Amino acid sequence: MNHSAFRNSQDTFLSDALAGLIANHPDACWHDVGFIGRTTSLRTEDGDPAVAVISGGGSGHEPMHAGFIGQGMLAAACPGLLFTSPNAVQVSEATQWADQGRGVVHVVKNYTGDVMNFEMAAEIVDAESGIQVASVVTNDDVAVEDSLYTAGRRGVGVTVMVEKIAGAAAEQGRPLDEVAGIAARVNAAGRSMGMALTSCTVPANGKPSFDLPDDEMEIGIGIHGEPGRHREKVAPAAEIAERLVTPILAELTELDSAGADEGVIAMVNGMGATPLMELYLLYGEMEQALEAGIASGDEVTVSGPRGRAELTVAVGQGMGAGWLVDPTVLRELDDSPTTGAVFLRLADDADVDRTVEVFADALRVYRRALDAGTTDGLLVGRPVQPVFR
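Below you will find a few notes about this structure. (Residues numbered from 1 in each chain as written. Predicted model: local features only at pLDDT ≥ 70, side-chain atom pairs only at ≥ 80, totals over all residues. Heavy atoms only, no water.)

1. Considering the sheet that holds strand S5 (residues 104–109)
Here comes step 1: Here 6 strands make up an open sheet; going across it, the order is S1-S2-S4-S3-S5-S6 and the pairing mixed. The open sheet terminates on both sides in strands that have one partner only, identified here as strand S1 (29–31) and strand S6 (133–138). Put simply, the sheet's adjacent strands are angled 25° from each other on average, direction ignored.
Here comes step 2: Where S5 and S6 come together, 6 bridges link them in parallel fashion. Note that in S6 the partner of Val108 across the bridge is Val137. (Pairing = 2+ DSSP bridges. Helix = DSSP H or I, 4+ residues; strand = E, 2+ residues; numbered from the N terminus. Axes fitted to C-alpha atoms, helices over the stretch in contact; angles between N-to-C directions.)

Following this line, the structure appears as structure tokens:
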């Protein structure tokens, strides 16, 4: 056992951690077929059934994806084993559970196992229930064209924006094809890149995934410790910001210029071991680099800033940067309210009242289950390892 980390045992680490995440989430419930879903009803702003948006991937990247479950974001999330894709049964069960009669959008990061298992799940669902499924594969990483786990670019930080904006569109009552179209539009208009000061450490073995000298950094790192573009000596934060801003902006300038004049939505993301204070510092440097037009010579306006840990790499010291070309409609959806535990965003007093009611509904569900003696797996339930097989 690695005594520098919190755990009870290697064998129970994942189930213990997911149980804690669920216990900390007022609108999350474990389902023993292998997914986490909302405890409150999936409805539009007008109270009608909504299109469901679900996602999933290997554990070790928390709070992605389960931390994004809630009103205005995800209906369900499927966690796999550490750095391992969820299986097709998990995804198909989550899809059939989440569907409200209006179809389901799968948001899938571009890793071979994720893509294969989500495709298989969609086929299972079609054969068993005929539910309409639309899949959107994210592939925003500009660092490398192919990786250890992908054919094509990796799906990383912009996936967060896809889930947020698609979930908001679904809550507005938009139909399946429109929600999927908006998700695809976000992916097409977003780019990201990461770097690392240390290797990630997978909790299952407590050892670094690769060797990186103390005075070096890896530019273009993947979220499973995949190699990046190159290594170089550790530089000041402002220079690191420039290393990431330059290739991202170079690609963004090649996108449709119709939305470029309206600025970008910017995100700085920690890799798991980077303190929030350092993320704030890096965000400030990134914003200055963007607004100075450091890469293209053209000033870029930043809106909708975020600087926190939304997609982590187990225990890794580093950061990722993502930008989304920001036409007004996408910004409005990104700014819309959500009760996702990690992404909690309220716009006004009405949203506060509505959120209080959502949480109260979750508590009422739990109390009814407690009275009936049927709380297994609900809110404070403990995920069981066999469902991941």
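What follows picks up the thread again.
2. Here's the deal with helix H1 (residues 13–23)
Here comes step 1: Counting buried residues in H1 gives 8 out of 11 residues, a clear majority hidden from the surface.
Here comes step 2: The complete set of buried residues in H1 reads Phe13, Leu14, Ser15, Asp16, Leu18, Ala19, Leu21 and Ile22.
Here comes step 3: In this structure, the buried residues of H1 make contact with S1, strand S2 (35–37), strand S3 (52–59) and strand S4 (76–82). (Buried < 20%, exposed > 50% of the residue type's maximum accessible area, 1.4 Å probe, protein only. Contact = heavy atoms within 4.5 Å.)

3. Regarding unusual backbone geometry
Here comes step 1: Across the junction of Glu62 and Pro63, the peptide omega takes the value 15°, indicating a cis bond.
Here comes step 2: Relative to the elements of secondary structure, Pro63 occurs in the loop between S3 and S4.
Here comes step 3: Look at the link from Met64 to His65: it is a cis peptide, with omega at 5°.
Here comes step 4: One can find His65 in the loop between S3 and S4.
Here comes step 5: The backbone of Phe83 shows a phi angle near 60°, a positive value even though the residue is not glycine.

4. Let's talk about helix H8 (residues 328–335)
Here comes step 1: Taken as a whole, H8 has its buried residues at Leu330, Leu333 and Asp334. Viewed along the axis of H8, the buried residues span an arc of 100°, placing them on a single side of the element. (Arc of directions from axis to C-beta.)

5. Side note on the pattern of salt bridges
Here comes step 1: Applying the stated criterion across every chain yields a total of 10 salt bridges.
Here comes step 2: Note that Lys233 is salt-bridged to Asp215, the shortest N-O span being 2.7 Å. Taken together, the positions of Lys233 in strand S11 (residues 230–233) and Asp215 in the loop between strand S9 (207–208) and strand S10 (216–219) put the pair 18 residues apart, joining distant regions of the chain.
Here comes step 3: Close ionic contact of Glu239 with Arg243 constitutes a salt bridge, the shortest N to O distance being 3.8 Å. (Salt bridge = Lys/Arg side-chain N within 4 Å of Asp/Glu carboxyl O.)

6. Comments concerning the side chain of Arg191
Here comes step 1: In this structure, Arg191 sits in strand S7 (residues 190–196).
Here comes step 2: The exposure class of Arg191 is buried, given its relative accessible area of 13%.
Here comes step 3: In terms of polar contacts, Arg191 uses its side chain to reach the backbone carbonyl oxygen of Ala188, at 3.2 Å. (Polar contact = N/O pair within 3.5 Å; in protein donor to acceptor, adjacent residues only side chain to side chain.)

7. With respect to the pairing of strand S12 (residues 264–270)
Here comes step 1: Buried residues dominate S12, accounting for 7 of its 7 residues.
Here comes step 2: The alternating pattern of S12 places Val264, Ala266, Val268 and Gly270 on one face and Ile265, Met267 and Asn269 on the opposite face, and all of these are buried.
Here comes step 3: Where S12 meets strand S14 (residues 318–325), 7 bridges bridge the pair, whose relative direction is antiparallel. Bridged to Ala266 within S14 is Trp323.

8. Here we look at the environment of Gly225
Here comes step 1: Tracing the chain through its elements places Gly225 in the loop between S10 and S11.
Here comes step 2: A residue is classified by how much of its surface remains accessible, and Gly225, at 15% relative accessible area, is buried.
Here comes step 3: C-alpha of Gly225 to C-alpha of Ala196: the two residues are 29 residues apart in sequence and 8.9 Å apart in space.

9. Describing the packing of helix H2 (residues 88–98) against helix H3 (residues 112–128)
Here comes step 1: One can describe the packing of H2 onto H3 by two numbers: an axis separation of 8 Å at closest approach and a directional angle of 50°. Considering the angle they form, H2 stands oblique to H3. The hand of the H2/H3 crossing is right-handed. Along the contact surface, H2 presents Ala88, Val91, Ser92, Thr95 and Gln96, while H3 presents Asn117, Phe118, Met120, Ala121, Ile124, Val125 and Glu128.
Here comes step 2: Here the residues of the contact of H2 with H3 are counted per class, giving 7 nonpolar, 4 polar and 1 charged. (Parallel < 35°, antiparallel > 145°, perpendicular 65-115°, else oblique. Left-handed = near helix turned anticlockwise from the far one by under 90°. Nonpolar A, V, L, I, M, F, W, Y, C, P; charged D, E, K, R; others polar.)

These figures capture arrangement, not role.
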